[in-house]
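Residue strings, one per chain:
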Amino acid sequence: QVQLVESGGGLVQPGGSLRLSCAASARIFGLNFMGWYRQAPGKQRELVASIPSGGDTNYAESVKDRFVISRDNAKNSVYLQMNSLKPENTAVYYCNVFIIAGTINYWGKGTQVTVSS
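First, a word on scope: everything that follows refers to the structure included in this document. If you're wondering where the values come from, they're calculated on a predicted model, not measured in any experiment. (Residues numbered from 1 in each chain as written. Predicted model: local features only at pLDDT ≥ 70, side-chain atom pairs only at ≥ 80, totals over all residues. Heavy atoms only, no water.)

### Observations regarding the overall build of the protein chain
Piece 1. The helix and strand inventory of the protein chain stands at zero helices and eleven strands.
Piece 2. Going residue by residue from the N terminus, the α and β elements of the protein chain occur as β-β-β-β-β-β-β-β-β-β-β.
Piece 3. In terms of principal-axis extent, the alpha carbons of the protein chain reach across some 45 × 25 × 25 Å.
Piece 4. By element, 49% of the accessible surface of the protein chain is carried by carbon and sulfur atoms, the whole surface being about 6,400 Å².
Piece 5. Seen as two clouds, the 11 positive and the 7 negative side-chain charges of the protein chain have centres 6 Å apart. (Helix = DSSP H or I, 4+ residues; strand = E, 2+ residues; numbered from the N terminus. Areas by Shrake-Rupley, 256 points an atom, 1.4 Å probe, with all protein chains shown as cover. Lys, Arg positive; Asp, Glu negative; His and termini not counted. Charge placed at Lys NZ, Arg CZ, Asp CG, Glu CD.)

Below, the structure is given as structure tokens:
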């Protein structure tokens, strides 16, 4: 069982930046995706960005050119650099690891991001 622990959320003013981090408790083997989802109050959870173990990154249209996802396989970690934040980016952000073989999904408990003046 892999546990994911997120950090880096908080309160930021519009136009500001935050960097989210997620560390897995164990090495992730096999083809996999690491990613970030978010859920705003009253809305469904949605994909923000994902990065595969090999291949191109994928972003929600609304965050392209502002958010950057990266991973460090040696540290079993994934990061989300969020720039030019907007109030509508306010949500709980969840780290996700999806292992293709066995279609296994792991989720973190989430970290709150609030964008407000």
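### Section: the pattern of salt bridges
Piece 1. With the rule as written, the count across this model stands at two salt bridges.
Piece 2. Here Glu46 ties to Arg38 by a salt bridge, and the two come within 2.8 Å at their closest N and O atoms.
Piece 3. According to the relative accessible area criterion, Glu46 is partly exposed, its value standing at 38%.
Piece 4. You can call Arg38 buried: its relative accessible area is 7%.
Piece 5. The partner of Lys64 in a salt bridge is Glu61, with the nearest N and O atoms 3.3 Å apart. (Salt bridge = Lys/Arg side-chain N within 4 Å of Asp/Glu carboxyl O. Buried < 20%, exposed > 50% of the residue type's maximum accessible area, 1.4 Å probe, protein only.)

### Looking at the state of the cysteines
Piece 1. Overall, the coordinates contain one disulfide when judged by the stated rule.
Piece 2. The disulfide that involves Cys22 links it to Cys95, with 2.0 Å between the sulfurs. Across the disulfide from Cys22 to Cys95, rotation about the S-S bond amounts to roughly -80°, and the bridge is consequently left-handed. Taken together, the residues Cys22 in strand β3 (residues 18-24) and Cys95 in strand β9 (residues 91-99) connect sequence positions 73 residues apart. Neither residue differs from the other here; Cys22 and Cys95 are each classed as buried. (Disulfide = S-S within 2.5 Å.)

### Considering the packing of aromatic side chains
Piece 1. Tallied over the full model, the rule gives one aromatic pair.
Piece 2. Relative to Trp107, the ring of Tyr37 lies with its centre 5.0 Å away and its plane at 70°, an arrangement referred to as edge-to-face. Of the two residues, Tyr37 is situated in strand β4 (residues 32-39) and Trp107 in strand β10 (residues 104-107); the sequence distance between them amounts to 70 residues.
Piece 3. The ring centre of Tyr94 lies 3.7 Å from the NZ or CZ of Arg45, which sits over that ring. (Phe/Tyr/Trp six-rings, centres within 6.5 Å; stacked < 30°, edge-to-face > 60°. Lys NZ or Arg CZ within 6 Å of the ring centre and 35° of its normal.)

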